[in-house]
Amino acid sequence: MIQAVIFDFDGTILDTESVWYESYRDALQDHDVELPLAVFAEGIGTYDDGMFRYMRERLGTEEKYQAVKTAAHALHQSKTSALRPREGVVAYLEEAKRLGLRIGLATSSPLSWIEPFLDVHGLRGYFETLCTSDDVEKVKPDPALYRLAAERLKVEPRRAVAFEDSANGARSAVAAGVRCVVVPNPMTEALRFERYDFRLASFEELPLGELLARFE
């Protein structure tokens, strides 16, 4: 019987990833540098400096590199003010609460990054625990975050279901023994997901209760 649900944050609850890609892509275009989606997507769900190495190589100087980062962060800040939770996410959280499930969050981002978003959108109260990069030595695809979330929620990993948008996140959940539902966004839908239990096009595709019944 499923006793808990554990959500990823970036790209799953809020699609900050699409905004990051657009921000870096636009900032690089001012320097006549293209940012292939495949380069950006490699780091989704984990910490990977591949995109930054790519930028440094093509920009040529540290001054240009820092200018692009500054411009991208400014663009991202202006764009995120219009972000809203992905369609169906709040309904899933509400239903999980109604069903008496324990609810956790496991993210490769730091707490300082996710808390303002959770507060602005009134989501903080749904979560019993927030497991972030501040809590572990290794982030996804390492299983540490999901193991910690299950431990804090006091459930066996096999009694929990993770919701992930990225291949790195899915690998993390499966390695921890947690069931995994992938709900890709525009940045991750073309990624190769190796192992998972179910795949949804969106959280609106299937009500949470019906989804969990398939695990019984």
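These lines cover the structure that appears in this document, whether it is placed above or below.

What counts, and where the lines are drawn
Residues numbered from 1 in each chain as written. Predicted model: local features only at pLDDT ≥ 70, side-chain atom pairs only at ≥ 80, totals over all residues. Heavy atoms only, no water. Helix = DSSP H or I, 4+ residues; strand = E, 2+ residues; numbered from the N terminus. Polar contact = N/O pair within 3.5 Å; in protein donor to acceptor, adjacent residues only side chain to side chain. Contact = heavy atoms within 4.5 Å. Expected span 1.5 Å × (residues − 1). Buried < 20%, exposed > 50% of the residue type's maximum accessible area, 1.4 Å probe, protein only. Phe/Tyr/Trp six-rings, centres within 6.5 Å; stacked < 30°, edge-to-face > 60°. Pairing = 2+ DSSP bridges. Right-handed = clockwise from strand over helix to strand, strands pointing away. Axes fitted to C-alpha atoms, helices over the stretch in contact; angles between N-to-C directions. Parallel < 35°, antiparallel > 145°, perpendicular 65-115°, else oblique. Left-handed = near helix turned anticlockwise from the far one by under 90°. Nonpolar A, V, L, I, M, F, W, Y, C, P; charged D, E, K, R; others polar. Core = buried A, V, L, I, M, F, W, Y, C linked by side-chain atoms within 4.5 Å.

**Some words on the side chain of asparagine 185**
Argument step 1. Within the secondary structure layout, asparagine 185 lies in the loop between strand 5 (179-182) and strand 6 (198-199).
Argument step 2. Among the polar contacts listed, one links the side chain of asparagine 185 to the backbone oxygen of glycine 11, at a separation of 3.1 Å.
Argument step 3. Engagement of the side chain of asparagine 185 in a polar contact is seen with the side chain of glutamate 17, the distance being 3.1 Å.
Argument step 4. Those residues within four positions of asparagine 185 in sequence are excluded, and the remaining contacts are Gly11, Asp15, Glu17, Arg86 and Asp165.

**Some words on helix 1 (residues 16-29)**
Helical geometry note: an α-helix holds 3.6 residues per turn, so side chains three or four residues apart project in the same direction.
Argument step 1. The end-to-end C-alpha distance of helix 1 is 20 Å, a good match for the 20 Å that 14 residues give at a rise of 1.5 Å each.
Argument step 2. For helix 1, the tally of buried residues reaches 10 of 14 residues, placing the bulk of the element in the interior.
Argument step 3. In this structure, the buried residues of helix 1 make contact with helix 2 (37-41), helix 3 (50-59), helix 4 (62-80) and helix 6 (111-120).

**Section: the packing of aromatic side chains**
Argument step 1. As enumerated under the stated definition, the model contains 14 aromatic pairs in all.
Argument step 2. Residues phenylalanine 7 and phenylalanine 163 carry aromatic rings whose centres are separated by 4.9 Å and whose planes lie at 25° to one another, so their mutual orientation is stacked. Within this pair, whereas phenylalanine 7 is found in strand 1 (residues 4-7), its partner phenylalanine 163 is found in strand 4 (residues 160-164), the two being separated by 156 residues in sequence. Here phenylalanine 7 and phenylalanine 163 have matching classes, each one buried.
Argument step 3. With a centroid separation of 5.4 Å and 55° between ring planes, the pair formed by tyrosine 21 and phenylalanine 40 is classed as tilted.

**Section: the pairing of strand 5**
Argument step 1. Pairing analysis gives 4 bridges linking strand 4 to strand 5, with the strands arranged parallel. Within strand 5, the residue paired with valine 161 across the bridge is arginine 179.
Argument step 2. Handedness of the β-α-β unit built from strand 4, helix 8 (residues 167-175) and strand 5 comes out right-handed.
Argument step 3. Inspection of the sheet shows strand 5 paired to strand 6 by 2 bridges, in the parallel sense. Paired with valine 181 across the strands is phenylalanine 198, a residue of strand 6.

**Re the packing of helix 3 against helix 4**
Argument step 1. Running from N to C, helix 3 and helix 4 cross one another at 130°; their axes reach a closest spacing of 8 Å. Between helix 3 and helix 4, the angle is such that the two are oblique. Like other packed secondary-structure pairs, helix 3 and helix 4 cross with a definite hand, here right-handed. Contacts from Phe52, Met55, Arg56 and Leu59 of helix 3 reach helix 4 at Glu62, Lys64, Tyr65, Gln66, Val68 and Lys69.
Argument step 2. Grouping the amino acids of the contact of helix 3 with helix 4 by side-chain chemistry returns 5 nonpolar, 1 polar and 4 charged.

**Thoughts on the nonpolar core**
Argument step 1. Judged by nonpolar contacts, the single largest core of 33 residues is most densely connected at Phe7, Tyr92, Phe127 and Phe163.
Argument step 2. Sorting the residues of this core by element identifies strand 1, helix 5 (89-98), strand 2 (102-106), helix 6, strand 4 and helix 9 (208-213) as the ones contributing at least two each.
Argument step 3. Beyond its immediate chain neighbours, meaning those up to four positions away, tyrosine 92 contacts Phe7, Phe163, Leu200, Phe203, Leu206, Pro207, Leu208 and Leu211.
Argument step 4. Listed in part, the 24 residues of the second largest apolar core include Ala176, Val178, Cys180 and Val182.

**Structural notes on the pairing of strand 1**
Argument step 1. Burial of strand 1 is two-sided: the residues Ala4 and Ile6 facing one way and the residues Val5 and Phe7 facing the other way are all buried.
Argument step 2. As paired strands, strand 1 and strand 2 are joined by 4 bridges and run parallel to one another. Counted as the bridge partner of valine 5 is isoleucine 103 from strand 2.
Argument step 3. By the bridge criterion, 4 bridges tie strand 1 to strand 4 in an arrangement that is parallel.

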